[in-house]
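Coordinates in review
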Amino acid sequence: MSESDKESNNVIWGGRFSSGPSAIMQEINPSIDFDWKLFAHDIAVSRAHAFMLGERGIIDAADASSIAIGLDRILSEMNAGTFSFSRALEDIHMNVEARLTELIGPAAGRLHTARSRNDQVATDFKLYVRDMIDRLNTQCRRLQWALAVKALDCADMVMPGFTHLQSAQPVTFGHHLLAYVEMLHRDRGRFSDARRRGNECPLGAAALAGTSFPIDRYMTAELLGFDRPTANSLDSVSDRDFALEVLAAGTITVLHLSRFAEEIILWVTPQFGFLKLSDAFTTGSSIMPQKRNPDAAELIRAKTGRILGAFTGLSLVLKALPLSYSKDMQEDKEPVFDALETLSLALCAMTALVKDMQPDPVAMRRAAMSGFSTATDLADWLVSRLSMPFRDAHHIAGRLVALAESGGVGLQDLSLAQMQSIEPCINEDIFSVLSVEQSVSSRISYGGTAPENVRKMAENWCEFLKEERGSDPSEGPY
C-alpha cells in the first residue's frame, strides 16, 4: 500500500487509526468496483442535503452554493467518463467527497454534516431501485403492447389449448397471448406496490440514531421525489425490504417470461411447427447445417436462475443481522444491480421476439383438430340438447372418444350410426359442435376464447396501454 493510499484512508477514518488497512482488507472492503453505478443518485442526494443544510443555516449559503457547483462538475466528469475512481477511497461517497475537496477546498468537508454513509447509501440505493422499477414497468408495458397487437391480429387463429401439455380444448392464439398480457399487468402492479412502499427517504437518519442538527427531512424527501421521510432512524439505515420486494416482483416476472420462452421453444420445433422465428433471433450449429436454434428464447428462460438467486442471496445476507447497519449489507448491491439489469434485458428481448415471431395457422389448426379436443363440446351438446346430466354426458363422450381412437379417426369423422350405437338419441346436429372453429366460437363467457371476446379484449388492452403511454410524453414510440 502506498503512503498516499494510507493517507487517504486516514482521512476517511479520522484520528482513530494510525495506519492503513492490510492488503487483503483492501481487496474485501471496497465497494467502488460496483457502487460507482450509484454516482448520479449519490450526487443527487448530496445536492439535496447541501441545499437543505444551507436553507436551515447549518452551513453558510456560500458553502452550500460551492458544494452544488462542485457536485455539478463531478457529475459532468462522470457522465463524460473522465472521472478517476479510487479503490483506496472505498466507495462512491468518498470518491465524490474527495474530488469535491479537490475542486472547492475545505467547504467540501461541510457536506457530511448531519449525515452518515449509512443513511446516504440507503437513500442512493432506494433512488436506484426506484428508477429501475420505473424502467421495468415501462418495459413490461411495451411487452404488453406487443402481445396485445399480435393478439388482435390472431383473434381468430385456432390452436390447441393444453393441460398437462396434452391437447385439451381449442383456443385461439390471440387468447393465449392475452394470458401473458394479464400476467404482466399483475407484475406491473407488484412493481408499483413496491415503489409506493419504498418511496420513503432515509436521508437524515444519520448513522442510526438521527442527528442533533436542526435538519428538515421533509425538505430533502421532497427534493428527491420521495413521499415522506422514513419514521424510524434504526429502520431507515437497516431496511432493505425495498430491494427484496423488487427482487421478489422481478422473480415472478421472469418466471412468466420463462414460461412463455419455453412455449416458444416448443412451438418452433418441427414437432409443433406453430411458429417461425427469423434469422435475427435464431442461431445455427457449428456442425449441423440444418439447425435453427431459438437461442434468444433459451437465454430468456435461463435468466430465471440469476434473478431468483439474487433474491435468495440477499435474503440470506439479511436473515440474521441485528439492528442497525452492518457491513454485510454491502453485499446488497451487486445481486440487485445484476438481477434488475438482467430482467430489463430479458423484457427487451422478449418484446423483440413477440414482434418477430410468425405463427403458422395451418399447423396450429391441424394440431387443434387432433387429440379429440372437441370432446367437451360433445358432452356439452348432450347436456344442452338431450337434457342429460353432465356426468352421464361425460361418460358417453368418453366412450365415443374410445370408439374414434380405436378406428384411428377424429370425433368429427365418426358416422351418425357409430355415435348412435353408443347413444341412440344423438342426431345430425351433433356435427355442428365438433369443428374447432365452432368450439372456440361457443366459448362466449367472460374471459373465454371466443374470437369476438378476444378481439374486444385485445382492443381494450391496446386502448388502455395507448392512453397510459400518452400520460408520459417523454417516451418515444413503441
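Residues numbered from 1 in each chain as written. Predicted model: local features only at pLDDT ≥ 70, side-chain atom pairs only at ≥ 80, totals over all residues. Heavy atoms only, no water.

1. Some remarks on the pattern of salt bridges
Under the convention used in this document: Salt bridges are defined by distance alone: a side-chain nitrogen of Lys or Arg within 4 Å of a carboxyl oxygen of Asp or Glu. To qualify as a helix, a DSSP run of H or I must reach at least 4 residues; to qualify as a strand, a run of E must reach at least 2; elements of each kind are numbered from the N terminus. Each residue's exposure class comes from its accessible area (1.4 Å probe, protein chains only) as a fraction of the maximum for that residue type: buried when under 20%, exposed when over 50%, partly exposed otherwise.
Counted by the stated rule, this structure contains 27 salt bridges. R188 serves as the salt-bridge partner of E468, at 2.6 Å between the closest nitrogen and oxygen. Of the two residues, E468 sits in helix α19 (residues 451–470) while R188 sits in helix α8 (residues 173–198), which places them 280 residues apart along the sequence. A residue is classified by how much of its surface remains accessible, and E468, at 24% relative accessible area, is partly exposed. Each member of the salt-bridge network shares a partner with another, and the members are R73, E77, R99 and E102.

2. Some remarks on the nonpolar core
Across soluble globular proteins, you tend to see nonpolar side chains buried next to one another. The condition that has to hold: To define a nonpolar core, start from buried Ala, Val, Leu, Ile, Met, Phe, Trp, Tyr and Cys residues and group those joined through side-chain atoms within 4.5 Å. The contact criterion used throughout is that any non-hydrogen atoms of two residues lie within 4.5 Å.
Of all hydrophobic cores here, the largest spans 71 residues; its most connected members are F173, F260 and M350. With residues up to four places along the chain from it excluded, the contact list for M350 reads L143, L257, F260, A261, I264 and I300. M52, L53, F83 and I215 belong to the second largest nonpolar core, which has 22 residues in total.

3. Looking at helix α7 (residues 117–153)
The criterion, for reference: Multiplying 1.5 Å by the helix residue count minus one yields the expected span of that helix. N or O atoms within 3.5 Å of each other form a polar contact, as long as, within protein, one can give a hydrogen and the other can take it, and as long as residues adjacent in sequence are counted only when both atoms are side-chain atoms.
Along its 37 residues, α7 runs 54 Å from first to last C-alpha, staying within 8% of the 54 Å computed at 1.5 Å per residue. By the criterion of burial, α7 is predominantly enclosed, with 30 of the 37 residues buried. By the N-cap criterion, in which a side-chain oxygen at the helix start approaches the backbone nitrogen of a residue two or three places on, α7 is capped by S116, the distance to N118 being 2.9 Å.

4. Details of the confidence of the model for the chain
A low pLDDT score tells you not to read the predicted coordinates there in detail. Spelled out, the test is: One number per residue, pLDDT, summarises how confident the predictor is, and it ranges from 0 to 100.
Looking at the chain as a whole, its pLDDT mean stands at 93, while 94% of the residues score no less than 70. Contacts for the low-pLDDT stretch residues 1–10, under 50 throughout, to residues beyond four places or in other chains number 14 contacts.

5. Looking at the side chain of T374
Residue placement: T374 occurs in the loop between α14 (361–369) and α15 (375–386). Within polar-contact distance, the side chain of T374 engages the backbone oxygen of L434 at 3.4 Å. If sequence neighbours within four positions are ignored, T374 has contacts with P170, L411, V433, L434, S435, V436 and S439.

6. Side note on a nonpolar patch on the surface
To keep it simple, the criterion reads: Two joining distances apply to patches: 9 Å for like charges and 5 Å for nonpolar side chains (Val, Leu, Ile, Met, Phe, Trp, Tyr), and every residue must have over 30% relative accessible area and no salt bridge. Only the protein chains shown count as cover for residues, and the accessible areas themselves come from Shrake-Rupley with a 1.4 Å probe.
A cluster of nonpolar side chains, contributed by I24, M25 and I28, occupies part of the molecular surface with about 340 Å² of accessible area. Within the secondary structure layout, I28 lies in helix α2 (residues 23–28).

7. Some thoughts on the packing of aromatic side chains
For clarity, the cut-off: Aromatic rings from Phe, Tyr and Trp, taking only the six-membered ring of Trp, are treated as a pair when their centres fall within 6.5 Å; an angle between ring planes under 30 degrees marks them as stacked, one over 60 as edge-to-face, and anything in between as tilted. For a lysine, the NZ atom is tested; for an arginine, the CZ atom; a charge sits over a ring if that atom is within 6 Å of the ring centre and within 35 degrees of the ring normal.
Per the stated rule, a full pass over the model turns up 10 aromatic pairs. The rings of F162, F173, W267, F272 and F274 are connected pair by pair, giving a single aromatic cluster. Between R130 and the ring centre of F226, over which it is positioned, the NZ or CZ distance is 4.8 Å. One cation-aromatic arrangement involves K333 over F125; the distance from NZ or CZ to the ring centre is 5.6 Å.

8. Describing the environment of I300
When you line up the elements, I300 lands in helix α12 (residues 295–318). C-alpha separation for the pair I300 and A261, spaced 39 residues apart in sequence, amounts to 6.6 Å. Those residues in contact with I300, other than ones at most four positions away along the chain, are L257, A261, A346, A349, M350 and L353.

9. Structural notes on the pairing of strand β2 (residues 166–172)
How we decide: Two strands are counted as paired when DSSP detects at least two bridges linking them.
Pairing analysis gives six bridges linking strand β1 (residues 158–163) to β2, with the strands arranged antiparallel. Bridged to G161 within β2 is Q169. Counting the residues that bridge the hairpin from β1 to β2 gives two residues, and of these H164 lies at a positive phi of roughly 60°.

10. Describing the environment of T113
Considering the arrangement of structural elements, one finds T113 in the loop between α6 (92–104) and α7. In the structure, T113 is positioned 64 residues away from H49 in sequence and 9.1 Å away in space, judged by C-alpha atoms. Not counting chain neighbours up to four residues away, the residues in contact with T113 comprise H49, L53, I58, I59 and F213. Within the structure, T113 has its side chain in polar contact with the backbone oxygen of R110 (distance 2.7 Å).

11. Re the side chain of T230
Following the sequence through the fold, T230 ends up in the loop between β4 (228–229) and α10 (233–238). The exposure class of T230 is buried, given its relative accessible area of 8%. Residues in contact with T230, not counting those within four places in the same chain, are K126, E200, C201, P202, R217 and S236.

12. Re unusual backbone geometry
With an omega of 5°, the peptide bond running from L323 to S324 counts as cis. By the secondary structure assignment, S324 is in the loop between α12 and α13 (333–356). Even without being glycine, S387 reaches a positive phi, approximately 55°. Tracing the sequence through the fold places S387 in the loop between α15 and α16 (390–407). Taking the relative accessible area as the measure of exposure, S387 reaches 65% and is therefore exposed.

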